[in-house]
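Coordinate inspection notes
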Amino acid sequence: MFVGLPGFDRHSDRKVGLMKMPAVGITCYASQGGSGVVATELGLHLSRRGCEVHFISSELPFRLRKYHENIFYHPVEMPHYPVFQHSPYTLSLATTMSEVAERCSLDILHVHYAIPHAASAYLAQKMVGRDSLKVVTTLHGTDITLVGQEPSFFPMTRFLIEQSNAVTAVSDFLKKETIDVFGTGHDIEVIPNFVDARVFQPDDSHPLRTRFAPNGEKLLAHASNFRKVKNVGAIVDVFKEVSRALPCRLLLIGDGPEMVGVRESVAAAGLTEKVEFMGQVDSLEDVLPAADLLLLPSLHESFGLVALEAMACGVVPLATDRGGAGEFIQDGINGFLRDPHDIPGMVAAAVKILSDDQLRQEMAEEARRDAAGDFGISCVVKQYLDLYDRLLAGA
Ligand code: GMT
């Protein structure tokens, strides 16, 4: 496996042109979820640009399951002693971070999702005691909007934001929310989420269409971890009305705590034949292009990465207007934005686009162009590299 080697000399091949590329330790939640996807894709692309990237996490991030040059994985071992009610992961992570930082001469510890990763990075930085080791914290969403505001985490979250050498947020919305809620004076740079438009591509003759929509039915899709914030009840409500207006099917991708309720609602509405429960799908790019419309009616979304990924596939998003999705979706141009409780508004938008192929085609083209442009991977990874350069230059 591509685990970091003891005594590994990272200086041998790290020059690209005249610029020394940083060695970066990345920590994220390894299971399904937008923050893990962003962290992993960022690491993969940094490595392609010549950075040495060390993933430090409890499990191998799910998009990292094959060999990649310049990428190393360091699992966090967690001892289980009877005296611990819960194993102190934060401390084990800090220890692993500090060991990797020293052994592999890391320049940056880049943590995704503040809690508890920024705490571990803070400790690791103190343990290493080297000024040249910098901590970058990327805020993703509920680490600020929900978890970080829990009274037991609030002062710690603010402290960690202040202590990080650099803090980034995935949207203007999240930056503003962080400043409003935590009253922090720390500079927060917005670096939006991104999509690799060579991986997420349109496919008008996708094989799933033959399977799920054999008679030319329209395909609606939703992909998430089915938590309360995803407002999945609204998806069933919207689909029920849309299916009265035109022939259609619904693909539900992912799994989570709200799934039991969704299955019950689907059955109660008599929609079982029209809904496909696909479970966890690691490679969304294999499924999303089959859809005509992506539903994301979350109670709020700091960004809403899956909507951007859908757009890159030429799938029009119908997303929540609460949060950061409005920073890449322009209502009526490349997608739709609606209040998450406005069921009639969402139904009207869905019926409008699904019953007008020309309009759908035009919006799909806009969507793909916009996703691949400012939110394309090269453009955004460059912003992270610029940030690292400034930090390491002491700016
Ligand atoms: O904060 C969360 O809910 C988890 C996190 C995740 O790991 O999926 O989602 C957040 O980060 C994503 C990646 O930056 C964003 O696309 C999601 O909008 C955001 N979730 C929320 O704001 C609810």
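Just so it is clear, the model here is predicted, and its values are computed rather than measured. (Residues numbered from 1 in each chain as written. Predicted model: local features only at pLDDT ≥ 70, side-chain atom pairs only at ≥ 80, totals over all residues. Heavy atoms only, no water.)

With respect to the helices and strands, Phe-182 occurs in helix H6 (residues 172-182). Phe-182 gets classed as buried once you look at its relative accessible area, which sits at 1%. When the C-alpha positions of Phe-182 and Tyr-89 are compared, they lie 25 Å apart, and in sequence the two are 93 residues distant. Dropping the residues within four chain positions of it, Phe-182 is found in contact with Ile-144, Gly-148, Gln-149, Phe-154, Thr-157, Arg-158, Ile-161 and Glu-177. (Helix = DSSP H or I, 4+ residues; strand = E, 2+ residues; numbered from the N terminus. Buried < 20%, exposed > 50% of the residue type's maximum accessible area, 1.4 Å probe, protein only. Contact = heavy atoms within 4.5 Å.)

All right, on to the nonpolar core then. Inside soluble globular proteins, nonpolar side chains tend to come together where they are buried. Membership of the largest hydrophobic core comes to 78 residues, with the highest contact counts inside it found for Leu-46, Leu-288, Leu-294, Leu-308, Phe-328, Ile-329 and Tyr-388. The element contributing the most residues to this core is helix H13 (residues 377-392), with eight residues. Built from parts of two domains, this core gets at least three residues from each of domain 1 (15-194 + 376-394) and domain 2 (207-374). Those residues in contact with Leu-46 that lie beyond four places of it in its chain are Ile-26, Cys-51, Val-53, Val-381, Leu-385 and Tyr-388. Ile-235, Val-242, Val-316 and Ala-349 belong to the second-largest nonpolar core, a separate cluster that totals 33 residues. (Core = buried A, V, L, I, M, F, W, Y, C linked by side-chain atoms within 4.5 Å. Domains from an automatic or database assignment.)

By domain assignment, the protein chain separates into domain 1 (15-194 + 376-394) and domain 2 (207-374). Put simply, the middle of domain 1 and the middle of domain 2, counted by C-alpha atoms, are 30 Å apart. On the domain 2 side, the residues contacting the 23 residues of domain 1 number 18 residues. When domain 1 packs against domain 2, close to 1500 Å² is buried across both sides, 51% of that on carbon and sulfur atoms. Linking domain 1 with domain 2 are zero salt bridges. (Buried area = accessible area lost by both parts, 1.4 Å probe. Salt bridge = Lys/Arg side-chain N within 4 Å of Asp/Glu carboxyl O.)

A few words now on the sheet that holds strand S8 (residues 166-169). Ordered by their spatial adjacency, seven strands build an open sheet running S5-S4-S3-S6-S7-S8-S9, and the pairing between neighbours is parallel. Looking at which strands have only one partner, the edges of the open sheet turn out to be strand S5 (71-75) and strand S9 (188-190). Pairs of neighbouring strands in the sheet enclose a mean axial angle of 25 degrees, with direction left out of account. Pairing geometry for strand S3 (residues 23-27) and strand S4 (residues 52-57), over four bridges, is parallel. From the neighbouring strand, Gly-25 faces S4, where its bridge partner is His-54. Helix-sheet contacts for helix H1 (residues 34-48) involve S3, S4, S5 and strand S6 (108-112), and the interaxial angle to S4 is about 155 degrees. Packing against the sheet, H13 makes contact with S3, S6, strand S7 (134-139), S8 and S9, and its axis sits at approximately 145 degrees to S7. (Pairing = 2+ DSSP bridges. Axes fitted to C-alpha atoms, helices over the stretch in contact; angles between N-to-C directions.)

Let's shift gears to the site of the ligand. Around the ligand sit 16 residues in total, of which Gly-34, Ser-35, His-140, Thr-142 and Glu-301 are the nearest. For the ligand, an oxygen atom lies 2.5 Å from a polar atom in the backbone of Gly-34. Contact with the protein chains removes 94% of the 480 Å² of surface that the ligand exposes when unbound. Split by residue class, the shell around the ligand holds four nonpolar, ten polar and two charged. When residues of the shell around the ligand are assigned to domains, at least three map to each of domain 1 (15-194 + 376-394) and domain 2 (207-374). (Near = heavy atom within 4 Å. Polar contact = N/O pair within 3.5 Å; in protein donor to acceptor, adjacent residues only side chain to side chain. Areas by Shrake-Rupley, 256 points an atom, 1.4 Å probe, with all protein chains shown as cover. Nonpolar A, V, L, I, M, F, W, Y, C, P; charged D, E, K, R; others polar.)

Ordered in space as S12-S11-S10-S13-S14-S15, the six strands form an open sheet in which the pairing is parallel. Both edges of this open sheet fall to strand S12 (275-279) and strand S15 (336-338), since each of them pairs with a single strand only. Pairs of neighbouring strands in the sheet enclose a mean axial angle of 20 degrees, with direction left out of account. Where strand S13 (residues 293-296) and strand S14 (residues 316-320) come together, four bridges link them in parallel fashion. Paired with Leu-296 across the two strands is Ala-319, which belongs to S14. In this fold helix H10 (residues 305-312) packs onto strand S10 (218-224), S13 and S14, with an angle of close to 175 degrees to the strand it touches most, S13.

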